[in-house]
Number of protein chains: 2
Amino acid sequence: MKPYTAMSVEELQHELEGLRKEYRRYQALEMTLDMSRGKPCKEQLDLSMGLMDALNSDADMYCEDGTDCRNYGVLTGIDEAKVLLSDMMENNPDNIIIFGNSSLNVMYDCISRSYTHGVMGNTPWCKLDKVKWLCPVPGYDRHFGITEYFGIEMINVPMTPEGPDMDMVEKLVAADEAIKGIWCVPKYSNPQGYSYSDETVRRFARLKPAARDFRIYWDNAYGIHHLYDDHQDHLIEILAECKRAGNPDLVYKFASTSKITFPGSGIAAMATSLNNMEDIKKQMKRQTIGYDKVNQLRHVRFFKDIHGMVEHMRKHADIIRPKFEMVESIFDENLSGLEIGAWTKPKGGYFISFDALPGCAKAIVDKCKKAGVKLTDAGATYPYHKDPQDANIRIAPTYPPIEDLKTAATLFTLVVKLVSAEKLIAEKKNETVAAVEQEMDEKK
Amino acid sequence: MKPYTAMSVEELQHELEGLRKEYRRYQALEMTLDMSRGKPCKEQLDLSMGLMDALNSDADMYCEDGTDCRNYGVLTGIDEAKVLLSDMMENNPDNIIIFGNSSLNVMYDCISRSYTHGVMGNTPWCKLDKVKWLCPVPGYDRHFGITEYFGIEMINVPMTPEGPDMDMVEKLVAADEAIKGIWCVPKYSNPQGYSYSDETVRRFARLKPAARDFRIYWDNAYGIHHLYDDHQDHLIEILAECKRAGNPDLVYKFASTSKITFPGSGIAAMATSLNNMEDIKKQMKRQTIGYDKVNQLRHVRFFKDIHGMVEHMRKHADIIRPKFEMVESIFDENLSGLEIGAWTKPKGGYFISFDALPGCAKAIVDKCKKAGVKLTDAGATYPYHKDPQDANIRIAPTYPPIEDLKTAATLFTLVVKLVSAEKLIAEKKNETVAAVEQEMDEKK
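The structure displayed is predicted, hence computed values, not measured ones.

Criteria and thresholds
Residues numbered from 1 in each chain as written. Chains lettered and ligands numbered in written order. Predicted model: local features only at pLDDT ≥ 70, side-chain atom pairs only at ≥ 80, totals over all residues. Heavy atoms only, no water. Least-squares fit on C-alpha atoms with pLDDT ≥ 70 in both. Contact = heavy atoms within 4.5 Å. Buried area = accessible area lost by both parts, 1.4 Å probe. Salt bridge = Lys/Arg side-chain N within 4 Å of Asp/Glu carboxyl O. Polar contact = N/O pair within 3.5 Å; in protein donor to acceptor, adjacent residues only side chain to side chain. Pairing = 2+ DSSP bridges. Helix = DSSP H or I, 4+ residues; strand = E, 2+ residues; numbered from the N terminus. Axes fitted to C-alpha atoms, helices over the stretch in contact; angles between N-to-C directions. Buried < 20%, exposed > 50% of the residue type's maximum accessible area, 1.4 Å probe, protein only.

**Student:** What is the right way to read the relation of the copies chain A and chain B from this model?
**Tutor:** Between the two copies of the chain lies a rotation about an axis combined with a shift along it. When chain A is fitted onto chain B, the two copies agree to an RMSD of 0.1 Å after a turn of 180 degrees and an axial shift of 0.0 Å. On this basis, the relationship between the two copies can be described by a two-fold rotation axis.

**Student:** I keep staring at the interface of chain A and chain B and nothing clicks. Help me out?
**Tutor:** Accessible area lost upon the coming together of the parts is a frequently used measure of interface size. Contacts between chain A and chain B engage 62 residues on the former and 62 residues on the latter. For the pair chain A and chain B, the summed buried surface comes to about 5,100 Å²; carbon and sulfur atoms form 51% of the total. When the buried area of chain A at its contact with chain B is split by residue, Arg 70, Tyr 72 and Arg 286 of chain A rank highest and sum to 16% of it. Across the contact surface, chain A and chain B share two salt bridges. Note that Arg 70 of chain B and Asp 46 of chain A form a salt bridge whose closest N and O atoms lie 2.7 Å from each other. Connecting chain A to chain B are 26 residue pairs in polar contact (both at pLDDT 80 or more).

**Student:** Help me out: how do you make sense of the sheet that holds strand β9 (residues 268–271) of chain A in this one?
**Tutor:** Residues and elements named next belong to chain A. The strand order across the open sheet built from eight strands is β2-β9-β8-β7-β6-β3-β4-β5, with neighbouring strands paired in mixed fashion. Both outer strands of the open sheet, β2 (96–98) and β5 (163–164), are each paired with one neighbouring strand and no more. For strand β3 (residues 132–137) and strand β6 (residues 179–184), the ladder comprises three bridges, and the chain directions are parallel. Bridging across to β6, Leu 134 finds its partner in Ile 182. Relative to β2, helix α3 (residues 79–89) is tilted by about 120 degrees, and along the sheet it contacts β2, β8 (251–256) and β9. Sheet contacts for helix α6 (residues 166–175): β3, β4 (153–160), β5 and β6; angle to β4, the most-contacted strand, approximately 150 degrees.

**Student:** Just to check I follow, could you spell out the pattern of salt bridges for this structure?
**Tutor:** When their charged atoms lie close together, side chains carrying opposite charge are able to pair. Here the structure, examined in full by the defined rule, presents 50 salt bridges over all chains. Residue Asp 46 of chain B pairs with Lys 42 of chain B through a salt bridge whose shortest N-O separation is 2.8 Å. You can see Asp 46 of chain B and its partner Lys 42 of chain B sitting in helix α2 (residues 42–46), four residues apart, about one turn around the helix. By relative accessible area, Asp 46 of chain B is classed as partly exposed at 33%. Residue class for Lys 42 of chain B comes out partly exposed when judged on its relative accessible area of 39%. Residue Arg 321 of chain B is joined to Asp 318 of chain B by a salt bridge in which the shortest nitrogen-to-oxygen separation is 2.8 Å. Residue Arg 321 of chain B and its partner Asp 318 of chain B are located together in helix α11 (residues 306–335), separated by three residues, close to a single helical turn. Ionic contacts of the salt-bridge type, sharing partners, join the residues Lys 42 and Asp 46 of chain A together with Asp 68 and Arg 70 of chain B into one network.

**Student:** In this structure, what is going on with unusual backbone geometry? I would like to understand it.
**Tutor:** Glycine aside, the phi torsion of most residues is negative, and most peptide linkages are trans. In this structure, Pro 138 of chain A follows Val 137 of chain A across a cis peptide bond, with omega equal to -5 degrees. By the secondary structure assignment, Pro 138 of chain A is in the loop between β3 and α5 (141–149). Phi is positive for Val 74 of chain B, which is not a glycine, with a value near 65 degrees. Structurally, Val 74 of chain B is set in the loop between α2 and α3 (79–89). According to the relative accessible area criterion, Val 74 of chain B is partly exposed, its value standing at 33%.

Keep in mind these values describe shape, not function.
The structure is reproduced here in C-alpha cells:
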C-alpha cells in the first residue's frame, strides 16, 4: 500500500471513508477491553497457585538458622530469601535487603528518606531550594509520579535502543549539583522494551555527578522476564560494574517477584553497597520491625532455587509470547509501509511502545476508548503527563485473552490509520490554503 | 516481712548477704532467657497455622466483588478485609484502610507524610522550625523511636490508671501550635496495661488544639487482646466520639492482627475520617499500587468473621493468662510489703509494668542480664531512653515457656531485692554521714 504521507487529499479522504465505516462497526460490538496496565493474565497467575501450597498447616515454619518465620524480627529478610533473590538479581546476598510486596514502595521510601533525612550524611532534600531528576523518556508513569509528588523537577532525557542518551546524562549530572537521581528500567524497558547496551551500563557506572548524594535508581523490574529462550538481551550487572569503576555507592538497584508470582503478593528487594545499606537500615529500623517473613519463606519453598524460578519464567513466556507476536504481526500487516507509526519488538518485559505521527497519540487513545478499548493514557509515559510530541502510546499486551487482544490490536491499527488520515488531510489542506494565500500575497 | 525501707543498715546488710549468695546460684545456672519484647510464644503462633490452609492451590482467589486478589490493584484493601477489621476496630468499613504487615510502618508513614507534605493542606512539618509531640510515659519505645528519628521534640505526660494526665494534655495542645500529635495506646497500654477511662476518651475527643494539623495517634494495638472472658476493660470508640464532639478529623486510629495471627505476617489497618482518608490516599497512590490482597483474603477466609476472631483470641488468652498470673503471684509472694517496687496487674495486652525504687531500674536490668535474663532496656519506656526516675521496667511475660518464666520472674524479684538493699544501705550510710557531719558542724 502507498504511504499515507504520499497520498493526495482526495486519496486520503477516500481511505478515511472506509476507515470510519469500519470504526463504527467496531463501536457496535460494544467491547470493554483493558490494555492499560502491565498486568499478568489469569493463566499467568494460575502458574503460581502452587505457592499457596508451599506452606500449609503442617509446614516447618523455621528458617535454616532456626528463626521462626511466624514471629517478630529479622529486619532485612531471611537468609534463604536473600540467596534466592540474589541469584535472581546477580548480586551477593550480603548486598540484598528483602522488603514487602512492592518495589515501587521501596523506591518511594528511598526518595522520602532522602527528602527527610538525606543520603549518607548529606543535606536532607527538604532543606534544599531545588531538587532535580533525570527521566529517560518515554518511561514508567509511576516512577515519574513519585518524583512529581515530591516536587522534584524532572528533566527529560531521550531514550535510544541502547538506553538513555548518555552524552546528555553525563553532561547534566556533572554540571548540576541539584540533580540527585535518574530513573532507569535497564532491561526490557517500560515501555519500549529496550535493554541498555554494555557501553551504556559502563558509562552509568563511571558517572561523575556533581552531587555526592546522586543515586541511580536502577529498577530492574524485568530482569528475568524474557519472551524467548534463545533470543535474550543481556545486561551488565551494575553494582559490580560500579565497584570496579570506583563508584561503589552510586546505585540503588530494585527488583521484585511481582510479575513472577502474584502482583501485590510477591516480595521486593533492593541490592546496594554496604555503605548504602547501613544508611538505609538506620531508617528501616524506625519504620518497621520487619517485613513478611512467612511470604519470603513461601517463595523460597515454592521455587527452591533460581533454576526453579527460571523454569517458571519459561511458562510465563509461553503464555505471553504469542500475544506479543500477534500484536506485532497485526501492526506489521496493517501499518507497514504507511509511514504513520513505528513500534518496538521487545525480547522481554511487558510492553510494546508505539510512536504515532506527532499530535496523534491523544486522539488515538481517545478513539480506541470510544470503541471500548482502554489504553494507557497518552502522555503517561512522560513526566507531568506531557508528551511534547503527543506521539507515544504504551501497548500492554499481556492481560487480555488472545482473541480479545487480536480484536483490540486490529482496532488500534484501524484507529491509527483513521486519526493519521484525518491529521494528514488537515495538514495538506492547511498547506494548500497557505500556498494559495502565499500565491495571492505574491499577486498583490 | 518487714519493709526494706524500715530496716537498719545492719539488717539490710544481713539480708543482702543471703541475696548475693542466691544470685550467684542463679548465675551458675547459665540461663539465656529473653523477656525483652512483647512477642507471642510458639504455642500462640501454632494457633494460627490454620491460616496456612485458608488458601491452598485449589482456592477461589476472587473477592465477592469479582476482584482477582492475585493481581494488581485495590489501593485501600479488599471489602471483606475492611468488614472484618472494622468489626474488630468498631468502625464503619468505609472509614478503614487496609495496609501491609505492620501498623508501626503505617504510623511512620503518617509522620513521614506530614513531614514531607503536611496534613490536609497545612504546612509540611519539614518547613517548620519546631515540631513537638506529647508522649504519655511510660510508653512504647518504638513510638518514641519514630518521633525521635524525625527530630520531633518529645514532651513527657504522666500516665495514670485512667490514661494520660488530661489536664496537662488539654493545656499543652491548646497553648502550643508546635504540638502536632500525641502517642496513645488506649487499651491495655504498653507497658502498664492501663485502659483509658470514659472521661479520658471524652476529653480526648473534645481537645481544642492550637494546631489545625494536630492528630491523636490512637494505636489500639490490644483492642481485643483480653486475658479474661468475664473481666475486661471497655474503651469508648474514639472516632465516633470525635464525630459526636464535632472534631471528626482529630484522630488516626491504628490496629493490626500482628498479635492475633503472625507478627510480621498479619494485616494492619487504619480507621479515620473520610477527610483524612482522602488526604492519605493522595500519598498512598504514589507510594504503592496496593498491599498484599492475598494475605487479606487469607485472613478473611481463616476467621470468617469477628466471632471467629474473638474465639481465636480466647485461645491466646488461655495460653498467656497463666503466665501473667504466675509473674504476678511471684511478685506478690516475694515483694509484697517490702516497699521496694510496685507493679500493674493488667486485664489484657502484653506487658506488666514494674516501678522500682528511683535510681534502681538500670541496675536491676543489668543484674538480670548478668544472670542470663534479658529484659527490655531500662529507660526504653521513655522518650530518648531517659527515665528521669530510673525506675520503670517493662516485663514481657508472653514469650518464654512457663517454667522458664517462673525462674526468670523469681530471679527478677531476687535482683530487685538485692539492688534495692544495696541502694538503701548506701542511702542510709549517706544519711548517717550527713547526720554526723551536721552534728560536727553544729559543735564547731
